[in-house]
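Structure at a glance
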Amino acid sequence: MVKAGGTAEVRPQDLYGAETDPFLSTTARLTAAVPIQVVSDGRYILVFRQSIAAGRADMVYRTKGNALTGDTSRTDLVTVGGAKAAAADASLLCDRYALVGSALKPVVEARYQRSRSRFTPAAGGNDTLGTRDMDGKQFYEPTTRLSFLPRLTDGGFAVLLLPTEVEGVSRRQLFVNNAAEKRIESFNCERTDDGLFDVAGTQLWTSPDPRFRKSVLEREPGTDPNTGRPLVPVPATTDRAGTALRFTTGAPSEVRIGTDALPAPSGGATFEAWVKADAPGGTVLASQDDAAATGFRLGLNGQYQPYAANGPRGWGLTSKLALTPGVFAHVALVIDGNEAALYVDGVETARTTVTTAPVPASAQFLGRQGTWNAASGLGATSTRCGSGTAPAPPPTSPTGAAGCSAPSPVWSPTCAWTKGAAARPPTWSTAAVTPL
């Protein structure tokens, strides 16, 4: 908090009423001088605004204590790639208000009164939930940063609320002028029950019999009234891309892929990914136990060369070609019977014989850091996949399977399928909306 009449930061409990600077003490200081947009969802008024860029005088930065500060001289600032971690960087921000009488009021939320946290009570076991802290100060909903969107320029964005075929489910459509790529990008995500942004979406269920799928659509698992068999998930669309997952060192960073139910291949399988490495080494795709009979690990070595291996099972292969740092490349591991081959951008770069071939269900983790099985001999690694716009997957893989991409708004640079079968999407990351 900032005391009125200056820029010095003080503890919230040391300020009273008019002593607080209403601009410098809130995310109002992050607002860029460009047009805003106001949208009503029938319950709340949502104000969308572009933030200033990192480095501007009013920007605030994250501290190692999970706080925000405008004091750039502090020694506990979080850094990413040597730069201070800004709370926003030409980002789209959202605040919600309720119309109370004839006045707009910020949305109030419940938190633990002593810790002032939504999730963690204070030590001692006597903390309770409420809408005010122990000093009587109101808890307001924080500003939301839509971190799945690219950087904005001159207020170039538009937000719509759209209905769907499913009663009670609506979606938000966002258009953003991506000046860096010289294009307008479209993002679509579901609206949560409380009116915010659900980037994971609702899993819908339908009949296992194709004849009845158009007439059966449920929001929970159950039994198909036509066949008496369990309902099956409605597969996610696989024709959208635009962003990528970034995996970094320093903290656990992984995506669990929902491949457990994939059928055994009839003759082979292809595992492929678009990868942009910003440092040597790293795991791209791996089994939970990469020393199991059908386990494997696909990654990059210290010379940026793609490799695939299962150490205890005695097979491994390393690409003759290395990737160019900072450039997206298409990497594929093709299994055909007892033969395994690596492809980089469609060119075969290594081939070997495998004792037991990996299967699609073996591809369980994307970007997991560390070693799954100490006996595997593959070493501890971490994946670094670049963010930004990923190239579209090729029209065909080396085995003739169709290309695959992930549902908007979050794109995962990998998928797995059986030879000759359509791609089946994994479970996607949902960490794309960030409260400030």
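Residues numbered from 1 in each chain as written. Predicted model: local features only at pLDDT ≥ 70, side-chain atom pairs only at ≥ 80, totals over all residues. Heavy atoms only, no water.

1. Points about the overall build of the protein
Let me state the cut-off plainly: Think of it this way: any DSSP run of H or I at least four residues long counts as a helix, any run of E at least two long counts as a strand, and we number them from the N terminus. Exposure is judged per residue with a 1.4 Å probe applied to protein chains only, and the accessible area is read against the type maximum: over 50% gives exposed, under 20% gives buried, and values in between give partly exposed. Here, residues are in contact when the closest pair of their heavy atoms is within 4.5 Å. All accessibility values rest on the Shrake-Rupley procedure with a 1.4 Å probe; residue burial counts only the protein chains present in the view.
When helices and strands are tallied, the protein shows 0 helices and 29 strands. Residues classed as buried in the protein amount to 44% of the 436 residues present. The contacts of the protein with a sequence gap of at least 6 include a subset with a gap of at least 24, amounting to 56%. Here the protein has roughly 21,600 Å² of accessible surface; of this, 52% comes from carbon and sulfur atoms.

2. Focus: the pattern of salt bridges
Rules: Criterion for a salt bridge: a side-chain nitrogen of Lys or Arg within 4 Å of a carboxyl oxygen of Asp or Glu.
All chains considered together, the criterion is met by 15 salt bridges. Between Asp133 and Arg116 there is a salt bridge; the shortest N-O distance is 3.1 Å. A residue pair is termed long-range when its members are at least 10 positions apart, and Asp133 in the loop between strand E10 (129-130) and strand E11 (144-145) and Arg116 in the loop between strand E9 (111-112) and E10 qualify at 17 residues. Here Arg116 falls in the partly exposed class, since its relative accessible area comes to 31%. Between Glu348 and Arg351 there is a salt bridge, with its nearest N and O atoms 3.0 Å apart.

3. Here's the deal with the sheet that holds strand E12 (residues 157-163)
Note the following rule: At least two bridges found by DSSP between two strands is the condition for calling them paired.
One open sheet accounts for 4 strands, arranged E12-E13-E14-E15; its pairing is antiparallel. Two strands lie at the open edges of the sheet, namely E12 and strand E15 (197-198), each paired on one side alone.

4. Describing the side chain of Asn178
For the record, the criterion: Residues adjacent in sequence count toward polar contacts only when both atoms are side-chain atoms; beyond that, a polar contact is any pair of N or O atoms within 3.5 Å, and within protein one must be able to donate a hydrogen and the other to accept it.
With respect to the helices and strands, the residue Asn178 is situated in strand E13 (residues 170-178). Relative accessible area serves as the criterion here: at 7%, Asn178 is assigned to the buried category. In this structure the side chain of Asn178 is engaged in a polar contact, spanning 3.2 Å, whose partner is the backbone nitrogen of Ala180. Apart from residues lying up to four places away in sequence, Asn178 is in contact with Pro150, Arg183 and Glu185.

5. Here's the deal with the environment of Gln113
On the secondary structure map, Gln113 appears in the loop between E9 and E10. Sequence separation of Gln113 and Gly130 is 17 residues, and the distance between their C-alpha atoms is 5.9 Å.

6. Quick notes on the sheet that holds strand E18 (residues 255-256)
Across the sheet, 6 strands lie side by side as E18-E27-E20-E21-E22-E23; this open sheet has antiparallel pairing. The open sheet is flanked by E18 and strand E23 (315-318), the only strands paired with a single partner.

7. Let's talk about the packing of aromatic side chains
Which entries qualify depends on this criterion: Pairing of aromatic rings covers Phe, Tyr and the six-membered ring of Trp, with a centre-to-centre limit of 6.5 Å; geometry is then stacked below 30 degrees between planes, edge-to-face above 60, and tilted otherwise.
Counted by the stated rule, this structure contains 3 aromatic pairs. With centroids separated by 6.1 Å and ring planes inclined at 55 degrees, the aromatic side chains of Phe148 and Phe187 adopt a geometry described as tilted. Of the two residues, Phe148 sits in the loop between E11 and E12 while Phe187 sits in strand E14 (residues 183-191), which places them 39 residues apart along the sequence. Across this residue pair, the class does not change: Phe148 and Phe187 are buried.

8. Describing the confidence of the model for the protein
Convention followed: How sure the predictor is of each residue is captured by pLDDT, a score from 0 to 100.
When pLDDT is averaged along the protein, the result is 78; 78% of the residues meet or exceed 70. Highest mean pLDDT in the protein belongs to strand E2 (residues 45-50) (96); lowest belongs to strand E28 (residues 414-418) (31). Below pLDDT 50 for its whole length, residues 369-434 participates in 220 contacts with residues either more than four positions away or in separate chains.

9. Section: the nonpolar core
Condition: Side-chain atoms within 4.5 Å link the members of a nonpolar core, which is a set of buried Ala, Val, Leu, Ile, Met, Phe, Trp, Tyr and Cys residues.
Counting 31 residues, the largest nonpolar core has Phe271, Leu285, Phe296, Leu298 and Leu333 as its most contacted members. At the level of secondary structure, the elements contributing two or more residues to this core comprise strand E19 (268-275), strand E20 (282-286), strand E21 (297-300), E23, strand E24 (329-336) and strand E25 (339-344). Phe48, Cys94, Phe157 and Val159 belong to the second-largest nonpolar core, a separate cluster that totals 20 residues.

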